[in-house]
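In case you want the letters, here they are:
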Amino acid sequence: MLGGIALLLLLVLIANAISEYGFEALFRAVVRGLKEGGKTIEEIKKEITSYWFISRDLKLKLNEYLDSFGAA
């Protein structure tokens, strides 16, 4: 029984890591599309901060990505 619970927790951790990577890659692609569509970096940052369904960590990562995108 404990082995099953441990396996379930391991699977949850793996699924969480996969989904986080997937969401980050998806949002980066959306950010690139918005930038190529003519939106400014500040407009995109404002949109990102208004999204309630994005975690604070992902918002920070996307803002860092935008900062590096603007520098490039």
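Residues numbered from 1 in each chain as written. Predicted model: local features only at pLDDT ≥ 70, side-chain atom pairs only at ≥ 80, totals over all residues. Heavy atoms only, no water.

## With respect to the overall build of the protein
Then, number 1: Along the protein, the regular secondary structure elements total three helices and zero strands.
Then, number 2: For the protein, the N- to C-terminal ordering of α and β elements is α-α-α.
Then, number 3: Taking 11 Å as the expected radius of gyration for a compact globule of 72 residues, we find that the protein reaches 16 Å, considerably beyond that expectation.
Then, number 4: Counting only C-alpha atoms and orienting by the principal axes, one finds that the protein spans roughly 55 × 20 × 20 Å.
Then, number 5: Within the span of the protein, comprising 72 residues, buried residues form 19% of the whole.
Then, number 6: Relative to all contacts within the protein whose residues are 6 or more apart in sequence, the contacts with residues 24 or more apart total 52%.
Then, number 7: Within the structure as shown, the protein displays about 5,500 Å² of accessible surface, and the carbon and sulfur contribution to it stands at 67%. (Helix = DSSP H or I, 4+ residues; strand = E, 2+ residues; numbered from the N terminus. Rg over C-alpha atoms; globule rule 2.2 N^0.38 Å. Buried < 20%, exposed > 50% of the residue type's maximum accessible area, 1.4 Å probe, protein only. Contact = heavy atoms within 4.5 Å. Areas by Shrake-Rupley, 256 points an atom, 1.4 Å probe, with all protein chains shown as cover.)

## With respect to the confidence of the model for the protein
Then, number 1: Per-residue confidence for the protein gives a mean pLDDT of 83, with 93% of residues at or over 70.
Then, number 2: Within the protein, no element has a lower average pLDDT than helix α1 (residues 2-36), which sits at 81, and none a higher one than helix α2 (residues 41-50), at 90. (pLDDT = per-residue confidence, 0-100.)

## Quick look at the pattern of salt bridges
Then, number 1: This structure, assessed with the given rule, holds two salt bridges.
Then, number 2: Here Lys 39 and Glu 47 are joined by a salt bridge, their closest N and O atoms 2.3 Å apart.
Then, number 3: When its relative accessible area of 31% is taken as the criterion, Lys 39 is described as partly exposed.
Then, number 4: Given a relative accessible area of 21%, Glu 47 falls into the partly exposed group.
Then, number 5: One salt bridge in this structure joins Asp 67 and Lys 45, with 2.6 Å as the shortest N-O distance. Remark: Lys 45 occurs in helix α2 and Asp 67 occurs in helix α3 (residues 56-71); sequence separation between them is 22 residues.
Then, number 6: You can call Asp 67 partly exposed: its relative accessible area is 44%.
Then, number 7: Owing to a relative accessible area of 18%, Lys 45 belongs among the buried residues under this scheme. (Salt bridge = Lys/Arg side-chain N within 4 Å of Asp/Glu carboxyl O.)

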